[in-house]
Amino acid sequence: MKKHPSFPQLLSFLFVGYLLFGSFNDCFAQRDTITNYYETEQIKLPKGLRAETGGMDFMPDGRLVACFHLGEVMTYNPKTKTWKKFAEGLHDPLGVVAVSNSEILVVQRPEMTRIKDTNADGVADVYETITDDFGMSGNYHEFAFGPLKDKEGNLFMALNVASNGAGIRPEIRGQYDSLSREGRMYSCVPYRGWVMKYNVKTKKLEPYASGFRSPNGLGFDAKGRLFVSDNQGDWRGTSPLYHVEKGRFYGHVASLIWQEGFPRVKPLSLPVAQLDSMRTRESIAFPHTEIAHSPTQPLLDNTGGKFGPFAGQLFIGEMDYPRLVRLLMEEVNGQLQGACVAFGDGTGLLKGNNRLVFDKNGDLWVGHNDHGWVGDEGLSRIHWKGKVPLDIIAMNLTTEGFELTFSLPVDPKIASNPELYKFQRYYYKYHQPYGSPKTDVADVAIKEVKVAPDGRKVTFKLAELKAGYVYDLKMGELQTPDGKLLMNRAVFYTLNQLKK
Amino acid sequence: MRLFLIVFGLFIATKSFSQSDTTITLQAITGLQYDLVRIAVKPLQKVTIILKNEDDMAHNLVFTKPDKRLSVVEAAIKMGDKGQAVNYVPESDDVLAASKILIPNTTQTFTFTAPSNEGAYPYVCTYPGHGYVMYGALYVTTKPLPPLATDPNIPPSRQNTEIMVSSPHPFTLEYPLLYRTFMPDCGPAAIAVALTSTHSYCFDAGKCYLRYAWAGGFVDNTAHWKGNGNAFAKIQGNIYFKDNVTYPLRVGKADKLPDVSFKGYTLANRLPTFNYALDGVDVKETLKTLANEEGLTRVFTFAKPTTQTLYFVTKSDDGITYKSSVGKWQHGTLAIPKGTSKVTLTMKRNKTQTPHAAAHSH
Ligand SMILES: [Cu+2]
């Protein structure tokens, strides 16, 4: 007679299933799945549009305004489902902000531009350069991202470094400096690899923070704090999200040469330990392959609950997987850190989730892009169907472990079983080579699992907590007493600061 | 009535590698003509024609194999009274696709696949009597079209009008047309402008001046738009002028290069006017085509009447004869006196010195 598998064996089978199929729930019919809660609809595109979406926003009158790789800016009226041209001829626009029904701001390769329709014919006739006060070597990788408008009207943008996969043009814009040319990614004209702030009072573009590689995503949280994502690569062990503050350095070394007062040395000649001590760590590391390959724009859920139980949290797009990622951030010792969890797996979402924006009804619009890499093209709209799924609402560090908060009560009989949880920790190396393997991987023993009387919280005491590690928690099939299943059973906490 | 449309198996069976479909609106207009006399599509591209009859007579539209326009037209005439029932479309291997006869103010949409072989495929109205003058050419090609002025495939009366190039955008191309893109022999902040479909220039938005101008087409961005955007836009046609003095406009001293800053542009009926500042002088510059694409006029307007002498510096070997509405020329340098608000500069191509000029004259 066959022996029944032991629970840990069963659990490891579940993990293999999870890894193979992403969302294990998809494997069985008639189970509680994400489509009970969210649905995704593809927006019909106008004929002739190559929908590599660079930016999206909503105009006050409810029209979507979106810009695309071939330089078009189009509006889409969701009521009449009609597309119209607003502007054209831009150079790879990668962000748009609507100012009014007739005015937008765009960042395109060479500049930040104000685009207006002044004669009310529905098509723009004024293209005003707000700022072009940064260098261009002509290297293809020098993408420009933004704008992101703060409450005072200041405009943030982010400038990619150049790639050694291609050279520079015979004619460049800005002062040339070869000091960082040896790296995989280099910054040979001013402020490549920087987040910049266009100061609306002084009308100047100010260098704001350095150390970026390919910062394809800027967003504010509920308190107006600036977050910028970046991509795995050199000096990026895995893809990160940074809380960006003025004057700080975020790890990619090429941009340091434009730091005021920085000595005339090749950044690559500095000891890694010194660079490591100079840098500000990411608030969230996205474990490569586990959750994301290429995170894009962070967006605050400011819908007040119209998009489900995640109001006040940040979502972030992801290029290589058909999903978004949801961020569970907290402040520990005055610094922001936290966890990430998948969102949207199995809703029919495409890949290439480059740009996000909420409409007034609380639907989340997703602009897709492939841009010569992995991804998809088009636009989608994710709609919450009104029922609350069982999902992780918060993951908080305690002095001895973690506390998970759920959107619905979990069945305490199931949830109190310690064998249902597996904690692992690892870190990603900060170094020049491209990416990093998971390093110093170890299982972390669970000393105690406690389920709160209301079933909303599960707390863990762990054998060990160490700063500088990602804590990777994978869970078995948690459910509510009435049988709703936990939608996402993997969560990754970036522990920079231990709770004092 | 059954949609009358013939597409040959030969063209369907061939494996498609076209990148996008195209929709073309073609109108039959007063004077036994179509509004467009040339259409450019790619081999094997799926082509949707929206034929509108805006005239007060009946017309159709028949696409034929190369050089078969007259034989098809004559076969249609021979049909006599029986022609009406079959829309005056003869049964022939030379007919690629056809509409029915459209009475005034009606529209028909039909779709066919462009042939795989490059070439000029006539389109014509086979209504008796019309076919000798009412025609045009479907260019199946990925290359620039021949100059309109000498194109034997279009009615002689239409050899001076615009063509329509298949649009890569969700709208038809209209001229003037502008792209910010990576251009050769220019800084990385480049603007390519087509004044007409066959007369174009490159403005450097970093250095704020006209870099060069060309005739015969605009730019092909296909490679630049592919993937990561590394490639330059490809110039279609022949460059007839290149600025060879680094920066032509100078403030105060003829030998001092000014500090420039780009302010953007405005469009008036799609024609761009560039705004920039040089040494604190705010300048607006509009470039227009001269008749027969013989060169450019450049209109400079200053926000305030100038308070210093401005200089416009040229070199004699640039193939251009300059004329100015204001100021005096000396050794190729124009001195624009103080108090000037507007200067119109005419840049005419020197036919004898321009090797490509011959291609565009009769
Ligand atoms: Cu006719």
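Residues numbered from 1 in each chain as written. Chains lettered and ligands numbered in written order. Predicted model: local features only at pLDDT ≥ 70, side-chain atom pairs only at ≥ 80, totals over all residues. Heavy atoms only, no water.

### Some remarks on the overall build of chain B
- Tallying secondary structure elements over chain B gives three helices and 27 strands in all.
- Structurally, chain B occupies a C-alpha span of about 80 × 45 × 35 Å along its principal axes.
- In chain B, which comprises 362 residues, the proportion classed as buried is 51%.
- Counting 37 positive and 28 negative side-chain charges, chain B places the averaged centre of each group 6 Å from the other. (Helix = DSSP H or I, 4+ residues; strand = E, 2+ residues; numbered from the N terminus. Buried < 20%, exposed > 50% of the residue type's maximum accessible area, 1.4 Å probe, protein only. Lys, Arg positive; Asp, Glu negative; His and termini not counted. Charge placed at Lys NZ, Arg CZ, Asp CG, Glu CD.)

### Thoughts on the nonpolar core
- Judged by nonpolar contacts, the single largest core of 72 residues is most densely connected at Phe274(B) and Tyr276(B).
- What Tyr276(B) contacts, discounting residues up to four positions off in sequence, is Phe203(B), Cys208(B), Tyr247(B), Leu249(B), Ser261(B), Phe262(B), Lys263(B), Val281(B), Asp282(B), Val283(B), Glu285(B) and Phe300(B).
- In this structure, Leu390(A), Leu408(A), Phe423(A) and Val451(A) belong to the second largest nonpolar core, which totals 33 residues. (Core = buried A, V, L, I, M, F, W, Y, C linked by side-chain atoms within 4.5 Å. Contact = heavy atoms within 4.5 Å.)

### What about the sheet that holds strand S21 (residues 314-318) of chain A?
Residues and elements named next belong to chain A.
- One open sheet holds the eight strands; their spatial order is S20-S21-S22-S23-S34-S33-S29-S30, and the pairing between them is antiparallel. Either end of the sheet is taken by a strand with one partner, and the two such strands are strand S20 (295-300) and strand S30 (438-444). When the angles between neighbouring strand axes are averaged without regard to direction, this sheet yields 25 degrees.
- Here S20 pairs with S21 via four bridges, running antiparallel. Among the inter-strand pairings, Leu-300 is bridged to a residue of S21, identified as Leu-314. (Pairing = 2+ DSSP bridges. Axes fitted to C-alpha atoms, helices over the stretch in contact; angles between N-to-C directions.)

### Concerning the interface of chain B and chain A
- Contacts between chain B and chain A engage 39 residues on the former and 37 residues on the latter.
- Between chain B and chain A the total buried area reaches about 3,100 Å² when both faces are included, carbon and sulfur atoms providing 52% of it.
- Ranking the residues of chain B by area buried against chain A places Pro170(B), Arg180(B) and Pro188(B) at the top, with a combined share of 22%.
- On the surface where chain B and chain A come into contact, there are four salt bridges.
- Across the salt bridge formed by Arg180(B) and Glu111(A), the nearest N and O atoms sit 3.1 Å from each other.
- Broken down by element, the residue count for the side of chain B that touches chain A peaks at six residues, all from strand S19 (residues 260-268) of chain B. (Buried area = accessible area lost by both parts, 1.4 Å probe. Salt bridge = Lys/Arg side-chain N within 4 Å of Asp/Glu carboxyl O.)

### Thoughts on the sheet that holds strand S4 (residues 46-53) of chain B
Residue and element names in this part refer to chain B.
- Across the sheet, which stays open at both edges, the four strands sit in the order S2-S1-S4-S7 with mixed pairing between neighbours. Edge strands, defined here as strands with exactly one partner in the open sheet, are strand S2 (33-34) and strand S7 (107-113).
- Alignment of strand S1 (residues 22-29) against S4, held across seven bridges, turns out to be parallel. Considered in S4, the bridge of Thr-22 is made with Val-47.

### Topic: the domain arrangement of chain B
- The domains assigned to chain B are domain 1 (2-158) and domain 2 (177-349).
- Taking only C-alpha atoms, the centre of domain 1 of chain B and the centre of domain 2 of chain B are 40 Å apart. (Domains from an automatic or database assignment.)

### Things to note about the UniProt feature "domain: Blue (type 1) copper" (unreviewed entry) in chain B
- The positions that UniProt labels "domain: Blue (type 1) copper" (unreviewed entry) are, in the present scheme, residues 30-140 of chain B.
- Within residues 30-140 of chain B, the helical portion is 9% and the strand portion 36%, while the C-alpha atoms at the span's ends are 27 Å from each other. (UniProt positions renumbered as here; feature names shortened; annotations may be inferred.)

### A short note on the environment of Thr23(B)
- In this structure, Thr23(B) sits in strand S1.
- Taking the C-alpha atoms as reference points, Thr23(B) and Thr172(B), 149 residues apart in sequence, are found 8.7 Å from one another.

### Section: the confidence of the model for chain B
All names here are of chain B.
- Scored by pLDDT, chain B has a mean of 87; 90% of the residues are at 70 or more.
- Of the regions scoring below 50 in pLDDT, residues 1-18 engages in 41 contacts with residues more than four places distant in sequence or in other chains.
- Throughout residues 353-362 the model reports pLDDT below 50, and contacts reaching past four residues in sequence, or to other chains, amount to 15 contacts.
- Predicted complex, confidence summary: ipTM 0.91, pTM 0.79. (pLDDT = per-residue confidence, 0-100.)

### Section: the pattern of salt bridges
- Counted according to the given criterion, the structure contains 40 salt bridges over all chains.
- In this structure, Arg323(A) and Asp345(A) form a salt bridge, with 2.8 Å as the shortest nitrogen-oxygen distance. Remark: Asp345(A) occurs in the loop between strand S23 (335-343) and strand S24 (353-358) and Arg323(A) occurs in the loop between S21 and strand S22 (324-332); sequence separation between them is 22 residues. For the pair shown, Arg323(A) and Asp345(A) are each scored as buried.
- Ionic pairing is found between Arg326(A) and Asp391(A), a salt bridge with its closest N-O pair at 3.2 Å. Taken as a pair, Arg326(A) in strand S22 and Asp391(A) in the loop between strand S26 (378-384) and strand S27 (392-397) lie far apart in primary sequence, 65 residues in all.
- Taking relative accessible area as the criterion, Asp391(A) reaches 2% and is therefore assigned buried.
- Residues joined in a network through salt bridges with shared partners are Lys85(A), Glu88(A), Glu174(B) and Arg270(B).

### Some details on the UniProt feature "domain: DUF7133" (unreviewed entry) in chain A
- UniProt's entry tags residues 84-236 of chain A with the feature "domain: DUF7133" (unreviewed entry), counted in the numbering of this structure.
- Along residues 84-236 of chain A, the helical share is 0% and the strand share 40%, with 40 Å between the first and last C-alpha atoms.

### Describing the pairing of S1(B)
Residue and element names in this part refer to chain B.
- Here S1 shows a clear split, with Thr-22, Ile-24, Leu-26 and Ala-28 buried on one side and none of Thr-23, Thr-25, Gln-27 and Ile-29 buried on the other.
- Examined bridge by bridge, S1 and S2 share two bridges and lie antiparallel to one another. Paired with Ala-28 across the strands is Tyr-34, a residue of S2.

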